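Results of the structural survey
The residues making up each chain are set out below.
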Amino acid sequence: MPVSLHHIVIDAHDLPALARFWAGVLGWRILSQREREVVIGPDETAPVGICFMPVTDRKVVKNRLHLDLTSAAEDRDAEIERILALGARRADVGQSGSESWTVLADPEGNEFCVVRPKETLVG
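Below you will find a few notes about this structure. Once a new chain begins, its residue numbering starts again from 1 and follows that chain's sequence as written. Local features in a predicted model are, by the rule used here, given only for residues with pLDDT of at least 70; side-chain atom pairs are given and counted only at 80 or more, and totals for whole chains, interfaces and linings are based on all residues. Calculated side-chain values reflect all of the structure's heavy atoms, with hydrogen atoms and water omitted.

Side note on the packing of aromatic side chains
Only centres within 6.5 Å qualify two rings of Phe, Tyr or Trp (six-membered ring in Trp) as a pair; their planes then separate them into stacked at under 30 degrees, edge-to-face at over 60, and tilted for everything else. Scanning the model with the defined rule gives three aromatic pairs in all. Residues Phe-21 and Trp-22 carry aromatic rings whose centres are separated by 5.3 Å and whose planes lie at 85 degrees to one another, so their mutual orientation is edge-to-face. As far as burial versus exposure is concerned, Phe-21 and Trp-22 are alike and both buried. Residues Trp-22 and Phe-112 carry aromatic rings whose centres are separated by 4.7 Å and whose planes lie at 70 degrees to one another, so their mutual orientation is edge-to-face. Here Trp-22, found in helix α1 (residues 15–26), pairs with Phe-112, found in strand β8 (residues 111–115); they are 90 residues apart in sequence, far enough to count as distant. Exposure classes here rest on a 1.4 Å probe applied to the protein chains alone. A residue is buried below 20% of its type maximum, exposed above 50%, and partly exposed in between. Working definition: helices are DSSP H or I runs of at least four residues, strands are E runs of at least two. Numbering for both runs from the N terminus.

Structure, rendered in structure tokens:
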């Protein structure tokens, strides 16, 4: 049997705060909270979740890995505004302005994108 994706791990300074932010963005909930690990997901039996782990250094460069979020076309701008209201901010990573995605950063500066509506992983 091949391996499967279990957690996406995000380094954080304030694990509970960043977990709350992402749980709010995704409509997930905090499933487990320990001093050195907070896990969020849709529920405990979901195939993939996000795990927040402590880090001491400051983020100083663009992420090597980021999350892409999508929503229905008619909801996209409203979702971006909702995410901004949760504590995200717009981020400039060198985009030209003609992209089909919007770059945001979470409260600790980790970039992520809200992409055009998608129905499949490749389309």
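A short note on α1
Given the number of residues in a helix, its expected span is that number minus one, multiplied by 1.5 Å. Helix length check: α1, at 12 residues, gives a terminal C-alpha distance of 16 Å against a target of 16 Å (1.5 Å per residue), a fit within 8%. Every buried residue of α1 is accounted for by Leu-15, Leu-18, Ala-19, Phe-21, Trp-22, Ala-23 and Val-25. We define a polar contact as two N or O atoms separated by no more than 3.5 Å, with the added condition that, inside protein, one atom must be a possible hydrogen donor and the other a possible acceptor, whereas residues neighbouring each other in sequence contribute only through side-chain atom pairs. With a side-chain oxygen lying 3.2 Å from the backbone nitrogen of Ala-17, the N-terminal cap of α1 falls on Asp-14. Immediately beyond the C-terminal end of α1, within one or two residues, lies Gly-27, with a positive phi of roughly 70 degrees.

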